[in-house]
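Per-entry structural report
In case you want the letters, here they are:
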Amino acid sequence: MRIARFSIDGNVAFGAVEGEGPVESGGLVLDIIKGIPYTDFELSGTKVPLSKVRLLPPVLPNKVVGIGRNYAEHAKELGNEVPEVPVAFFKPTTSVIGPGDAIEYPSFSSELHHEAELAVVIGRMCREVPRERVKDVIFGYTCANDVTARDVQKREAQWARAKGFDTSCPLGPWVETDLDPSDLTIQATVNGEQRQLGRTSDMIRSIEDLVVHITEAMTLLPGDVILTGTPAGVGPLTVGDEVAVTIEGIGTLTNRVIKRG
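What you see as residue numbers is a count from 1 along each chain, following the sequence as written. At least 70 in pLDDT is required for a residue's local features to be given in this predicted model, at least 80 for side-chain atom pairs to be given and counted, and no such filter applies to totals for whole chains, interfaces and linings, which use all residues. Neither water nor hydrogens contribute to the side-chain values; these are computed over all heavy atoms in the structure.

Time to look at the overall build of the chain. Across its full length, the chain carries 5 helices and 20 strands. For the radius of gyration, the atoms used are the C-alpha atoms, and the globule rule reads 2.2 Å times the number of residues raised to 0.38. On C-alpha atoms alone, the chain measures out to a radius of gyration of 17 Å, which is about the 18 Å that the 2.2 N^0.38 rule sets for 261 residues. For the chain, the spread of C-alpha atoms along the principal axes amounts to about 55 × 45 × 30 Å. Taking all 261 residues of the chain together, the buried fraction comes to 52%. Charged side chains in the chain number 26 positive and 36 negative. The centres of these two groups are separated by 4 Å. A run of H or I in DSSP becomes a helix once it reaches four residues, and a run of E becomes a strand once it reaches two; helices and strands are each numbered from the N terminus. Between buried and exposed lies partly exposed: a residue is buried under 20% and exposed over 50% of the maximum accessible area for its type, with that area taken using a 1.4 Å probe on protein chains only. Just so you know, the count uses Lys and Arg for positive and Asp and Glu for negative, and it drops His and the chain ends. We put the charge of a Lys on NZ, of an Arg on CZ, of an Asp on CG and of a Glu on CD.

This is the structure in structure tokens:
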């Protein structure tokens, strides 16, 4: 099931996406969910065309935990070694935007990069999750763009500013709850030109590895997001660019870059 979060007439709700085709196709409708989708929920039977609503970030995470250098070729292209343990970092909630929202080019950077990623959405509060229970705590998967101020990342020891600035975490267009994430095509295009193309099977550490590693240290809450790393091919974005992240079985997340201010 595809679960979207949206606004219509000033109200915010979740809905199950029905139909096929891209967001702009006009053939998709939303069956509004009663309540929130992390527990047992009912569909209301009230349906609205997707074209009549504004899609929002599919979740409002308490925290976004990113994983760096989880694809060997990406580590190599930036001159880095594959780390012995997963490299984790945070993106604040203020970095999260939804499909169609603008990525604001930060004034303190001159080298903004796209990073297409599979995002894991947590469905229940969990801590110290054993490997065999990882699937039980996952709500679903969505597309993410770990937008990075690369020049800032290179010169600052911490990645907080480079990866945590406002609008640096596009998520969407919805959460797919019924998906095998082990071998999916993941790609990024900029103005229609392909930049990144990889498969989730190329991850150095699996989703199970990452959930176990992260929850050894911290409690994850419903709606929290794990960014699983990006394949090779990251590259620059400029003001006016349209960047799209497409993941097999989920859909396409599209955002445009604008000048901040």
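By salt bridge we mean one thing: a side-chain nitrogen of Lys or Arg within 4 Å of a carboxyl oxygen of Asp or Glu. Under the defined criterion, the tally for this structure stands at 16 salt bridges. The partner of Arg54 in a salt bridge is Asp101, with the nearest N and O atoms 3.1 Å apart. With a gap of 47 residues between them, Arg54 in strand E5 (residues 54-55) and Asp101 in the loop between strand E8 (96-97) and strand E9 (102-105) connect regions that are remote in the sequence. Under the relative-accessibility criterion, Arg54 is labelled partly exposed at 47%. With a closest N to O distance of 2.9 Å, Asp224 and Lys63 form a salt bridge. Placement of Asp224 in the loop between helix H5 (207-215) and strand E17 (225-227) and of Lys63 in the loop between E5 and strand E6 (64-68) is noted, with a sequence separation of 161 residues between them. When salt bridges with common partners are traced through the structure, they connect Lys91, Glu115, Asp146, Arg150 and Lys163 into a single cluster.

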